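Coordinate analysis (summary)
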Amino acid sequence: MNRLKITSLHIYGFGKLENVVMENLSPNIQVIYGENEAGKSTVMAFIQAILFGFPAKNQQDLRYVPKKGFKYGGKLVVETDDQRKITVERVAGRSSGDVTVQDEQGNPCDLNEVLGGLDKTMYKGIFSFNIMDIQNLQLIDSEQLGSYLFSSGLMGSEQLHKLSRELTKEQEERFKPNGRKPVINRLLTSLKEEEQNVLKWKEKMGQYDRLQKDLDQYDNEWKESLIAKEDTEKKIKQTEAMLTIQPLVNRLEILQLQIAEFGNFESFPQDGLSRLEKWQTEAVFYQSKLEKTAKDLHEKEREFVQIKVNEKILGNEESINALVNILPTYQQAKEQLSLLATEIVQLQKRIEGWKQDLAWHDKTDQELEAIHTSLASKGSLRELLKAHHELHIQKQRLDEQFQQAKEELEAQEERVKDLEQEQLPNHEVIKMKELVEVDSMDTLHKEIHLNEQLLNQLKKQLDVQKKNNQNEIKKSKQIAVASLLMGIAGAAYFYMQGQLIPSLLCLILFFILSFMINRKTKQTNSRNELLIEKEEMENKLELLRGKLYSNENYGKMEEYQKALAKNEQVMQLLQKEQLLLSQCDRTYNRIIKQFEEWEGKNFSFQDQWHKWTSSLSLEQISPPFMEEAYDKVVQLKVAIADKKELVERQKHFQTVVDTFKNKLETLIEGHIENDTRISIEEVFTQLRVSVEENVEKKKRKQRIQEQIGELKEEMDGLSHHVLEAQKQIQNLYEQAEVNNEESFRQKNQQNIEKTELEKEIILLKNQLAQMENSYQLRLTERKSMDMWNSRKIELEETLKSIKEKLSQLVENRTATKETIRLLEEAGTYSEAVQQFELSKSKLQEHARKWAIHATASHLLGKTMDYYRTVKLPKVLHYASDNFQFLTKGNYIRLLDEQNERTLMVQHADGTKFEPKELSQATVEQLYISIRVAVAQVWSDEQKLPFLMDDSFVNFDHHRTNLAIKLINRLALQGYQFLFFTCHHHIKEKLASEPNNRICSIDTMKVGEATIKR
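Treat the numbers as computed from the prediction; the structure is a model and nothing was measured.

1. Things to note about unusual backbone geometry
Backbone geometry follows two general trends: most residues other than glycine have a negative phi, and most peptide bonds adopt the trans configuration. Positive phi, close to 55°, is recorded for Asn19, a residue that is not glycine. For Asn19, the position within the fold is in strand β2 (residues 17-22). A positive phi angle, close to 65°, is found at Gln83, a residue other than glycine. Relative to the assigned elements, Gln83 resides in the loop between β4 (73-80) and β5 (85-91).

2. A short note on a nonpolar patch on the surface
Judged by side-chain polarity, Tyr495, Leu500, Leu504, Ile508, Phe511, Ile512 and Met516 come together as a nonpolar surface patch covering roughly 760 Å² of accessible area. Per-element accounting of the nonpolar patch gives the leading share, 6 residues, to helix α14 (residues 500-519).

3. Notes on a negative patch on the surface
A cluster of acidic residues, Glu407, Glu408, Glu410, Glu413, Glu414, Asp418, Glu422 and Asp585, forms a negative patch on the protein surface. Looking at which element gives the most residues to the negative patch, the answer is helix α11 (residues 375-422), with 7 residues. Its place among the elements puts Glu413 in helix α11. For Glu413, a relative accessible area of 42% gives the class partly exposed.

4. Focus on helix α8 (residues 272-306)
In a regular helix each residue adds 1.5 Å, so 35 residues correspond to 51 Å; α8 covers 52 Å between its end C-alpha atoms and thus fits that length. Among all positions of α8, only Gly272, Leu276, Trp279, Ala283, Tyr286, Leu290, Thr293 and Leu297 are buried.

5. Here we look at the pairing of β2
Where strand β1 (residues 2-14) meets β2, 5 bridges bridge the pair, whose relative direction is antiparallel. Paired with Phe14 across the strands is Leu17, a residue of β2. The loop that links β1 with its antiparallel partner β2 comprises 2 residues; one of these, Gly15, has a positive phi angle of about 65°.

6. Some points on the packing of aromatic side chains
Counted by the stated rule, this structure contains 14 aromatic pairs. Look at Phe946 and Phe977: their rings are 4.5 Å apart centre to centre, the planes differ by 15°, and that puts the pair in the stacked class. Residue Phe946 is located in strand β12 (residues 946-949), and its partner Phe977 is located in strand β13 (residues 977-981); the two are separated by 31 residues in the primary sequence. Each member of the pair, Phe946 as well as Phe977, carries the same accessibility label: buried. Taken together, the aromatic side chains of Phe14, Phe46, Phe54, Tyr64 and Tyr72 make up a single cluster linked through ring pairs. Sitting over the ring of Trp598, Lys395 keeps its end group 5.8 Å from the ring centre.

7. As for the UniProt feature "coiled-coil region" (unreviewed entry) in the protein
Per the UniProt annotation, the sites labelled "coiled-coil region" (unreviewed entry) are residues 330-357, 381-475, 520-577 and 694-826. A distance of 41 Å separates the end C-alpha atoms of residues 330-357, which is 100% helix and 0% strand.

8. As for the nonpolar core
Ranked by size, the top nonpolar core spans 82 residues in total, and within it Leu9, Val43, Ile47, Phe952 and Phe977 carry the most contacts. By residue number, the principal contributor to this core is helix α23 (residues 920-938), which donates 10 residues. Excluding anything up to four places from it in sequence, Val43 contacts Leu9, Ile11, Leu17, Met22, Ile32, Phe980 and Ile1001. By size, the runner-up hydrophobic cluster in this structure holds 40 residues, among which are Leu391, Phe595, Phe605 and Phe660.

9. Brief notes about the pairing of strand β9 (residues 902-907)
In terms of burial, β9 is largely enclosed, as 5 of its 6 residues are buried. Where β9 and strand β10 (residues 912-913) come together, 2 bridges link them in antiparallel fashion. For Val905, the partnering residue across the bridge sits in β10 and is Phe913. Here β9 folds back onto β10 in antiparallel fashion, the turn holding 4 residues, of which Gly910 has a positive phi close to 95°.

10. Let's talk about the pattern of salt bridges
One pass over the structure, following the stated rule, counts 11 salt bridges. We note a salt bridge from Lys916 to Glu914, for which the minimum N-O separation is 3.8 Å. Lys916 sits in the partly exposed class, given a relative accessible area of 33%. Judged by relative accessible area, which is 34%, Glu914 ranks as partly exposed. A salt bridge links Lys987 to Glu988; the shortest N-O distance between them is 3.5 Å. A relative accessible area of 39% places Glu988 in the partly exposed class.

Cut-offs applied
Residues numbered from 1 in each chain as written. Predicted model: local features only at pLDDT ≥ 70, side-chain atom pairs only at ≥ 80, totals over all residues. Heavy atoms only, no water. Helix = DSSP H or I, 4+ residues; strand = E, 2+ residues; numbered from the N terminus. Patch = residues over 30% accessible without salt bridge, like charges linked within 9 Å, V, L, I, M, F, W, Y side chains within 5 Å. Areas by Shrake-Rupley, 256 points an atom, 1.4 Å probe, with all protein chains shown as cover. Salt bridge = Lys/Arg side-chain N within 4 Å of Asp/Glu carboxyl O. Lys, Arg positive; Asp, Glu negative; His and termini not counted. Charge placed at Lys NZ, Arg CZ, Asp CG, Glu CD. Buried < 20%, exposed > 50% of the residue type's maximum accessible area, 1.4 Å probe, protein only. Expected span 1.5 Å × (residues − 1). Pairing = 2+ DSSP bridges. Phe/Tyr/Trp six-rings, centres within 6.5 Å; stacked < 30°, edge-to-face > 60°. Lys NZ or Arg CZ within 6 Å of the ring centre and 35° of its normal. UniProt positions renumbered as here; feature names shortened; annotations may be inferred. Core = buried A, V, L, I, M, F, W, Y, C linked by side-chain atoms within 4.5 Å. Contact = heavy atoms within 4.5 Å.

Structure (structure tokens):
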């Protein structure tokens, strides 16, 4: 036997772990602890990669290539059973990496020999399992759970069982002895039909050749008729083209005669009329604009003379403007003085109101400022309120649990008492057993008895489920009412604080929560299934009783048998109910103990609460209103500080107002009469308006002077434009050889008519050219329209006779082809033979594949039978010990059902259960027992370290302790465990053993990892 233990590891670079060293690993249990994302799974994958190679790029496993350029790989130091220390180093290289294996003296070693021939798949299936394997149990169908655990007992995983199912499925998809849908069955049927088709074709070949000759003759006549038809259609198209072209030619000749009647218009200017109208319009426009400009010039000169400017008041413009700049500051200061006075009064009222709310009438501002309201004090308050809330919730929960436990205990005691009263006296039972003899009806009696028991159990399950549903509905209503009350309280709190929107949101949120909780109902699918099963059971029982009652030997013996069967059933139910009674009693005592713990926590809270409230002089405030009171204390201190700041600002703004008044009084001396009836702002406004008016008059006079100069320049330009327009009009008259506008317009109209005729001639010529190109002909002869129409009628008669002949040929040809089609029957003789041979080839190919799967399935069955005979008994022996230990003797043995590939579990009372009948936690205990047992059996040949990743996370406190005791016991037998966990309580339990060691991995930072012991 080879024994292998890992003593140290060094990660060069693997995933996010870089330059990580773990030395002096425990030979028993080495715990590797770290938070989520710390790198525990990376270390686990690293160990497997060093021993068995890096995953290839086309595999699904992660390769964990370093992201920061560190060397990919690392090394492990392992110790064998002969005390040799072997170093296994693997770095990036080939697909699985370059590996170096050597002992302490540097001698090379064979890694396959060190690992005892195990590959990565075998190692992971036997010695390595994690939380995902446990969670996968929850995804397996209950009917397949037994087969899954059976397969895990053979090889540590379900691969053999899964492969067997796949091979069987492949065989049945290809061939079944009496099947119709499998491929081979369908090919055999098709092959028989194709063979008959080939024989029929040999009889039809003679008639086929004669019909084919007739078809060729029809095809030749068809082609000749088509050629004649195309030639006639072409001639008809040419005749129709000539009928279209001839009217255009006649119109072209008429237009050419009309255009010859006009004289020569070459000297007439192009676009003459539009050019004349354009220059006439410009002449009128510039003349009217010239007259308007002269009028505007006269008005501006008169306005310039009328404007008078006061130069004296403009001398003080700079001083007045300087005072204008500080006017907003003065006005703002006056407004601020008024606002500050109002704010100080309102702030003082709020301060007095808060003092009255907190009952602090005698406290001064200095005393209030000295109160300690730091973040630490606020944090202490929140912690105390959180503790008070948790104690309150815990008290409510304990009250509900206590009431429920009390009701269940009383109900269970009542059920036990009823069952004890239903038991028959011992002497009556003995007497009935002596009278009842076993006869031919014994089998029927047993079957009726068994069905009656099952029916009673179903009825009790339905009653228990009904009660549970009622309790759930009651509890949901209580939670909904509590949520609604909390929402109303929260909304009232925010409303008192003046926060209306949070108040409405809080009320709506808790109302929706209450509504959803109240509507929540438990699914009744399982209850419906039980009702259906009960109805079926009752029907079956009625049929059995009918058979029994129809028998002639049925008599008083039936009553005795029923009484004995009922008594036996009552005894069994009594045992179960007594067991449930003890469980209810333990639950009741546990809740009483939790009540005592709650009293201790509440006393500690009251002491801390008194100390905190005394430090802030808030002893009179109760916990529900303490946070509001604390906020008012903070607001009171802030208000006092704000009041001091407002007083200082009031003094500052008063200084600004006094300074402005002094400067204004100095400036208005000698300019404006000092009238005490008007305000300072009105005086300042009069002074500023006077300055602005004179400045505006001065600017306006300058603008008018500039406008006068611009108007004079504009008049000169307009005069030039009027002369230029008149000159252009005279040039147009000279070019047209006329003396006035009327003669010019008459000659322009004649020129337009001639131009339109020329355009129409060009258009007709283009249309003739397009038609000749389109019809591909030239106008070589001229005929009248009647002659062309007669030609068209003759050609159409010829085309009609050709089409009638083609129609007759089509009928004859179609009839012949239909006869040939009926003979061919959707194929030719060669196609029928080819299809027959192709089907034979397909049948041979599928038969060969079926034989391969059948051989593989046979060999796999032999392998599974071997493992079942040789390995499985040892595995079940070890697994029974492990399972009995984990369940504290409640289950004592695992059984192999020889006729089926599944396992059974035997209870301490002798009852056998299928895995699907166990609870989820018990199934997980069973799975761990089997996986550990597989490793124990394989360890007889090769003992390698266990890799376990949080395999006990779903267990409660009691089951976790038992699982840890199991691996501690195995560790003492020479097994090494590398246990990866992120749970502190599991780490602490494992660390309690002196031989176990702990490695803590801190959460990764940039480029570093820290290992703590």
